[in-house]
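Structural characterization, general
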Amino acid sequence: MARNIFGKKGRGRKTQASTHRTGRKARKSGQTGALSRAFSAENSGAGSGRRGRKPGADQITEQLNELEELLYQRREFPQEVMDEAERIPQKISKEKIMSEIGRGRRDLRGLTTVTIDGEDTRDVDDAVSLERDEEGGWTLGVHIADVAHYVKRSGKLDNEAYRRGTSVYFPDKVLPMLPKELSNGICSLNVGEDRFALTVMMKLDAAGNICESEIFESIINVKYKINYGQYYRLFEGADFERTELEREFKEHVPMLKNMRDVAALRHAIRRGRGSLDFEFPETKVIIGENGLVADVEPEEITFANNVIEEFMLAANETVAARFEALKVPFIYRNHPAPELEKLLVLDETVRRFGFTIIDRRGNLIPGSIPAMLEKCRKLPQERLIQTAALTSMGKAVYSDVCRGHFGLAAEKYTHFTSPIRRYPDLYIHRVIKEWLAGARPDTLRGRYADAADAADDSSDAEREAERAERLYTDKMVAGYMAGFLGETFVGTVSGVTSFGLFIMLDNSAEGLLFYSDMPDQMIFDQRRLTAKGRFTGRTYGYGDRIEVQIAAADEKTGRIQFQFA
């Protein structure tokens, strides 16, 4: 599964065309109650957990202040925003449906559409459909909530959504980009409810290649929903689980099987062109009925997650290609190729494990990085190699210029599929709808001259959200592990530094074991990335198993410290 986890801070420029927005300086200085864009840019390898090492004390203090500010500023929506949201009807009337169909919106309510999400998902903004055609191919439909139908450009809702830029997801709460009247209400694609959507209908051949596509406004009515766990157990679960789920989803099992097969075809196409698949263990924090952390465990990613991922990627590429060809203002998702200097560092790191990514001329060997990421999964150094590869990458960024996505090996890419929670998606939905209504390119260029600014500020907001989500989760994990002080756990060496070992426990909680807390004088070997005891000769490296005790767990900073068991 390709993880779109690269980022970059935007420049936050402001042009005359975007004067209806509240500028970054005003937001930062507190002249508005909306979110301050105060977070600084971060390296893709910064932070803790699967993306890299924990930041220093000064960085932690800064991040804690920024998190506190974000939580305070997003504690509620301004009253004028709520007033606008509450005026939006929560049901679509028959008269409105007929009016929309009369002006060209297509009625797809008879089409079998399904939503596939996590168990606790409430803001459902994508649904899919799949039908076999007579030629042995497929018609794949990706149907995205038509948020732009309700959130009008430059209105109170729009300005607030722009300032927030994205929803922020914590284990125990969500700080939404839009009020619940939209995010969980009229824009959420709930089963059995008529909903307006933007549809990308794609014709696929028997090998999964997209041969034709069409983008249009639609009205849908989702026929059923299934969560990732149910989908996985339906095909891979125990016999009694499969039997029960086959009974529950009886009429839809063939469609769900076909979706799994088509997603596998799409994934093979991406891998064939060089798409990178990073697989890092995410931490899942389980919240009990009392609102406190009940458990911490690695989040399982299965084919069920990948099915919807592949279909969304297909829609994003299709939309990007269509509108880049039209040369109208748009927001793209770009990911630059790694810089040569970083590739040389990566090559030096992975050569010791038998991999080569740079040829004698100093050029990147085509396909070498995805091949390495695939093969390293059999090695104890998998985490090191994947982290090194990720750190060598540039950061994905929103831009009004289409430059392609290296990580996905896509020449053209955008974010189209999540307008409830991401502002760039909402922005391009407006462009698409106006184009569908007959707007000329020169008209769109004048109307959306602020695309560069919206892209830059959206990149800022994304970085802010990622940092906040990571730190908040670290704090909750540390608070939970504080209940196990002095207890012994078995973990895996996930990092080797000059001052200690990073250890990841089997529940995905990660902390630091200082060499000074080990019973030998440890010598760090930078070339081999190992630590060896001067007297015992025992060597520790990536992937090694080790017993540790919880020495300290600081909920305030999100840090966990181990001692040798």
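Residues numbered from 1 in each chain as written. Predicted model: local features only at pLDDT ≥ 70, side-chain atom pairs only at ≥ 80, totals over all residues. Heavy atoms only, no water.

Of the regular secondary structure elements, the protein chain holds 16 helices and 21 strands. Taken over the C-alpha trace, the protein chain has a radius of gyration of 25 Å; the compact-globule value for 565 residues is 24 Å, and the two agree within 12%. Seen through its C-alpha atoms, the protein chain measures out along the principal axes to roughly 85 × 60 × 55 Å. Relative to its full complement of 565 residues, the protein chain shows a buried share of 54%. Nonlocal contacts in the protein chain, meaning residues at least 24 apart in sequence, comprise 72% of its contacts between residues at least 6 apart. Considering the protein chain, the positive charge centre built from 84 side chains and the negative charge centre built from 87 side chains are found 4 Å apart. (Helix = DSSP H or I, 4+ residues; strand = E, 2+ residues; numbered from the N terminus. Rg over C-alpha atoms; globule rule 2.2 N^0.38 Å. Buried < 20%, exposed > 50% of the residue type's maximum accessible area, 1.4 Å probe, protein only. Contact = heavy atoms within 4.5 Å. Lys, Arg positive; Asp, Glu negative; His and termini not counted. Charge placed at Lys NZ, Arg CZ, Asp CG, Glu CD.)

A positive phi angle is found at Ser154, which is not glycine, with a value near 75°. Tracing the backbone through its elements, the reader meets Ser154 in the loop between β4 (138-145) and α5 (156-164). When its relative accessible area of 36% is taken as the criterion, Ser154 is described as partly exposed. Not every positive phi belongs to a glycine, and Lys327 is a case in point at roughly 60°. Looking at where Lys327 falls in the secondary structure, it is placed in the loop between α10 (303-326) and β12 (332-334). By relative accessible area, Lys327 is classed as exposed at 51%.

It is worth spelling out the nonpolar core at this point. Core analysis: the largest hydrophobic core is formed by 88 residues, its most contacted members being Met259 and Phe311. In terms of residue count, α10 provides more of this core than any other element does, 11 residues in total. Among the nonpolar cores identified, the runner-up in size contains 58 residues, and Leu343, Ile358, Val477 and Leu529 belong to it. (Core = buried A, V, L, I, M, F, W, Y, C linked by side-chain atoms within 4.5 Å.)

For the structure shown, the criterion picks out 14 aromatic pairs. Geometrically, the ring pair formed by Tyr231 and Phe235 is tilted, given 6.0 Å between the ring centres and 55° between the ring planes. Separated by four residues within a single helix, Tyr231 and Phe235 lie in helix α7 (residues 228-236), roughly one turn from each other. What makes Tyr231 buried here is its relative accessible area of 0%. Considering the side-chain rings of Phe323 and Phe330, the 4.9 Å spacing of their centres and the 0° angle between planes classify their relative orientation as stacked. Accessibility classification places Phe323 together with Phe330 in one group, the buried group. These aromatic residues form a ring-pair network of at least three members: Tyr231, Tyr232, Phe235 and Phe303. Over the ring of Phe196 we find Arg105; its NZ or CZ atom is 4.3 Å from the centre of that ring. Here the basic side chain of Arg132 rests over the ring of Trp138, its NZ or CZ set 3.9 Å away from the ring centre. (Phe/Tyr/Trp six-rings, centres within 6.5 Å; stacked < 30°, edge-to-face > 60°. Lys NZ or Arg CZ within 6 Å of the ring centre and 35° of its normal.)

The next point concerns the confidence of the model for the protein chain. Averaged over every residue, the pLDDT of the protein chain is 89; residues scoring 70 or more account for 90%. Here residues 1-52 is a poorly scored stretch, pLDDT under 50, and it has 177 contacts once near neighbours within four places are set aside; other chains count. (pLDDT = per-residue confidence, 0-100.)

Two measures define how a pair of helices packs: the angle their axes make with one another and the distance between the axes. Close contact between α7 and helix α9 (residues 253-273) brings their axes to 11 Å; oriented N to C, the two are set at 95°. Taken together, the axes of α7 and α9 are roughly perpendicular relative to one another. Residue-level inspection shows Tyr231, Leu234, Phe235 and Glu236 of α7 in contact with α9, the latter providing Val253, Leu256, Lys257, Met259 and Arg260. Partitioned by chemical class, the residues of the contact of α7 with α9 number six nonpolar, no polar and three charged. (Axes fitted to C-alpha atoms, helices over the stretch in contact; angles between N-to-C directions. Parallel < 35°, antiparallel > 145°, perpendicular 65-115°, else oblique. Nonpolar A, V, L, I, M, F, W, Y, C, P; charged D, E, K, R; others polar.)

Moving on to the pairing of strand β11 (residues 293-298). One ladder, built from five bridges, connects strand β10 (residues 283-287) with β11; its direction is antiparallel. Looking at β11, one finds that Ile286 is bridged to Asp295. Connecting β10 to the next strand, β11, in antiparallel fashion are five residues, including Gly291 with a positive phi near 85°. (Pairing = 2+ DSSP bridges.)

Another aspect to go through is the environment of Ala148. If you trace the backbone, Ala148 turns up in the loop between β4 and α5. A C-alpha to C-alpha distance of 52 Å links Ala148 and Gly541, two positions 393 residues apart in sequence.

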